[in-house]
Amino acid sequence: MKRIISFILTVLLISVRIINSQDSLRFKGQLSPWINLNTDNKLPLHAGGNYIPQLNYSAGIRGNKLFDTELSLNILGNAGLHPFDSVKADGKIKPYRAWVRYSTEQFELRAGLQKINFGSASILRPLMWFDQMDPRDPLHLTDGVWALLGRYYFLNNANIWLWGLFGNHDPRAWELVPTNKKIPEFGGRIQVPVPSGEMAFTYHHRTADNRDMPIFTNYYSKIPEDKFGFDAKWDLIAGLWVEGSWTRK
């Protein structure tokens, strides 16, 4: 009889150190171990986890201006075990976040490896252009992108985003073809308030590269791609939202 037992645990380890009244240095770590037992597998016992150590530094500047930065790694490891007989293990370490930011009360400029996500939907997300968050994951973990992102917030809650990406290659979320990492990507988003909610229009341009994909018979290093997105949400008696994306190659 098949028997499956799974156990997942998330532990937050936080340590804060204040340098002075305006500057702060903070370290925290997020540890997520798991264990799985399935007697029908060749290696019935599997265990592993990931640990994300994160270092944040912020420095206050005159006039409600702030400079801050974040550095973090994603350390993953897992092992399959048949007790007293065989074991198979794997692991890797990769950058998770590495960005610096300058911000004021209405403006921010952030550069480096960062998370960029937007849209109104939470499960089926046509605007999942830069992140790969699994809606079943309570931690909302996702790889970042190398980008320069600027955002300006108006007093009426409207906001404008502009971004440029460079050095990203692997397909993201709904993409099937990798990006040409030698050609910059760019785009933007405008979000405006509407009665009982807000709506937004988003655009992004990238150059795809299918030379590493053997399923194609013709190979091109420069495939222009434009994405257009629309989303809106309203807080009525019940929350309503709509989200859509159109891609042109």
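Along each chain, residue indices are assigned from 1 in the same order as the chain's sequence is written. Confidence filtering applies because this is a predicted model: local features only for residues at pLDDT of at least 70, side-chain atom pairs given and counted only at 80 or more, and all residues used for totals across whole chains, interfaces and linings. In computing side-chain properties, one takes all heavy atoms of the structure into account and sets aside hydrogens as well as water.

(A) Looking closely at the overall build of the protein chain. The secondary structure content of the protein chain amounts to zero helices and 13 strands. Moving toward the C terminus, one meets the helices and strands of the protein chain in the order β-β-β-β-β-β-β-β-β-β-β-β-β. Taking the principal axes of its C-alpha atoms as reference, the protein chain extends roughly 65 × 60 × 45 Å. Burial classes follow relative accessibility: with a 1.4 Å probe on protein chains only, a residue under 20% of its type's maximum area counts as buried, one over 50% as exposed, and anything between as partly exposed. Among the 249 residues that make up the protein chain, the fraction classed as buried is 34%. Accessible area of the protein chain: about 15,400 Å², with a carbon and sulfur share of 62%. Going along the chain from the N terminus, every DSSP run of H or I of four or more residues is numbered as a helix, and every run of E of two or more is numbered as a strand. For the accessible areas, the method is Shrake-Rupley and the probe is 1.4 Å, while residue cover comes only from the protein chains on display.

(B) Representation of the nonpolar core. Note on terminology: a nonpolar core comprises buried Ala, Val, Leu, Ile, Met, Phe, Trp, Tyr and Cys residues joined through side-chain atoms within 4.5 Å. Counting 11 residues, the largest nonpolar core is built from Ile 116, Phe 118, Leu 127, Trp 129, Phe 130, Val 145, Ala 147, Leu 149, Trp 161, Trp 163 and Leu 165. Only β8 (145-153) and β9 (159-165) provide two or more residues apiece to this core. Filtering out sequence-adjacent residues up to four positions away, Phe 130 remains in contact with Ile 116, Phe 118, Asp 143, Val 145, Trp 163, Leu 165, Arg 172 and His 204. It only takes one pair of heavy atoms within 4.5 Å for two residues to be counted as in contact.

(C) The arrangement of the pattern of salt bridges in detail. The salt bridge definition used is simple: a Lys or Arg side-chain nitrogen within 4 Å of an Asp or Glu carboxyl oxygen. Overall, the coordinates contain 17 salt bridges when judged by the stated rule. Between Glu 108 and Arg 151 there is a salt bridge, with its nearest N and O atoms 2.9 Å apart. In this pair, Glu 108 is assigned in strand β7 (residues 107-114) and Arg 151 in strand β8, connecting sequence segments 43 residues apart. Pair check on accessibility: Glu 108 and Arg 151 agree, each one buried. A salt bridge links Glu 175 to Arg 172; the shortest N-O distance between them is 3.3 Å. Pair check on accessibility: Glu 175 and Arg 172 agree, each one buried. Connected via shared salt-bridge partners are Arg 172, Glu 175, Glu 185, Arg 206, Glu 225, Lys 227 and Lys 249.

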